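Here's the letter readout for the chains.
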Amino acid sequence: MLDSLSASLTVASSGLEAQSTRMRIVSENLANATSTGRTAGADPYQRKTITFDAAMDRASGSQLAKVKEIGVDTTPYRVEYDPGHPAADKAGYVKLPNVNMMIEMADMREVNRSYEANLQVVKQVRSMLGMTIDLLRS
């Protein structure tokens, strides 16, 4: 029984770590949602993406959540006419990041819920381990 509780802790911990990395990526995207290039016609910040994979943990025999890749979103940049902007090209257009605030906020909400679910598993396992120890003492 203790092995399965330990495996549950390992799986939940990997989920916490993966969702923590995802939150960092979402935060970077939100922080750079208006970051343009430094020079005229330069490319702005490019939205980052994250991909997960399942990895077998030989010690516990469990599937763990792991970050497979942190990539970039290849959707086109938004373009806005603003001839006075330092990053405007010769025609007066500025390339803006391909970050959609609504998508990032939805991702942040999903990350938060996933993180909380994994945290709840850790709390439940700790409680069960405590009850098991109490039973063994009596």
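Per an unreviewed UniProt entry, the protein is named Flagellar basal-body rod protein FlgC, and its organism is Bradyrhizobium nitroreducens. Here is the UniProt Subcellular location (unreviewed entry) comment for the protein, exactly as written: "Bacterial flagellum basal body". In UniProt, the protein has this text filed under Sequence similarities (unreviewed entry): "Belongs to the flagella basal body rod proteins family."

**Student:** I keep staring at a nonpolar patch on the surface and nothing clicks. Help me out?
**Tutor:** Together, Phe 52, Val 67 and Ile 70 make up an exposed nonpolar region whose accessible area comes to about 210 Å². Tracing the backbone through its elements, the reader meets Val 67 in strand β2 (residues 62-72).

**Student:** What is the right way to look at the pattern of salt bridges in this model?
**Tutor:** Once their charged atoms are close, side chains differing in charge can pair, the charge on each being opposite to the other. Summed over the entire model, instances satisfying the criterion amount to 9 salt bridges. Of the charged contacts, one joins Arg 22 and Glu 110 as a salt bridge, the two residues approaching to 3.4 Å between their closest N and O atoms. Of this pair, Arg 22 sits in helix α1 (residues 2-31) while Glu 110 sits in helix α2 (residues 101-137), and the two are 88 residues apart along the sequence. Given a relative accessible area of 43%, Glu 110 falls into the partly exposed group. Of the charged contacts in the structure, one is a salt bridge between Arg 47 and Asp 107, with a shortest N-O distance of 3.5 Å. With a gap of 60 residues between them, Arg 47 in the loop between α1 and β1 (48-57) and Asp 107 in helix α2 connect regions that are remote in the sequence. Judged by relative accessible area, which is 12%, Arg 47 ranks as buried. Connected via shared salt-bridge partners are Arg 22, Arg 47, Asp 73, Glu 104, Asp 107 and Glu 110.

**Student:** Which parts of the structure should I look at to understand α2?
**Tutor:** Along an α-helix, residues three or four positions apart point the same way, because every turn accommodates 3.6 residues. For α2, which comprises 37 residues, the first-to-last C-alpha distance of 54 Å matches the rise-based estimate of 54 Å (1.5 Å per residue) to within 8%. What α2 keeps buried is the set Glu 104, Asp 107, Val 111, Asn 118, Val 122, Val 125 and Thr 132. Between a side-chain oxygen at the N-terminus of α2 and the backbone nitrogen of Met 102 the separation is 2.9 Å; the capping residue is Asn 100.

**Student:** What am I meant to see in the packing of aromatic side chains here?
**Tutor:** Pairs of aromatic rings are described using the distance from one ring centre to the other and the angle between the two planes. A complete count under the given rule lists 1 aromatic pair for this structure. A ring pair is formed by Tyr 81 and Tyr 93, whose centres lie 5.2 Å apart and whose planes are at 65°; its orientation type is edge-to-face. Of this pair, Tyr 81 sits in strand β3 (residues 78-81) while Tyr 93 sits in strand β4 (residues 93-96), and the two are 12 residues apart along the sequence.

**Student:** Would you take a moment to explain the UniProt feature "domain: Flagellar basal-body/hook protein C-terminal" (unreviewed entry) in the protein for this structure?
**Tutor:** The sites that UniProt annotates as "domain: Flagellar basal-body/hook protein C-terminal" (unreviewed entry) are residues 91-135. Secondary structure over residues 91-135 splits into 78% helix and 9% strand, and the C-alpha atoms at its two ends are 76 Å apart.

Conventions and cut-offs
- Residues numbered from 1 in each chain as written.
- Predicted model: local features only at pLDDT ≥ 70, side-chain atom pairs only at ≥ 80, totals over all residues.
- Heavy atoms only, no water.
- UniProt positions renumbered as here; feature names shortened; annotations may be inferred.
- Patch = residues over 30% accessible without salt bridge, like charges linked within 9 Å, V, L, I, M, F, W, Y side chains within 5 Å.
- Areas by Shrake-Rupley, 256 points an atom, 1.4 Å probe, with all protein chains shown as cover.
- Salt bridge = Lys/Arg side-chain N within 4 Å of Asp/Glu carboxyl O.
- Helix = DSSP H or I, 4+ residues; strand = E, 2+ residues; numbered from the N terminus.
- Buried < 20%, exposed > 50% of the residue type's maximum accessible area, 1.4 Å probe, protein only.
- Expected span 1.5 Å × (residues − 1).
- Polar contact = N/O pair within 3.5 Å; in protein donor to acceptor, adjacent residues only side chain to side chain.
- Phe/Tyr/Trp six-rings, centres within 6.5 Å; stacked < 30°, edge-to-face > 60°.

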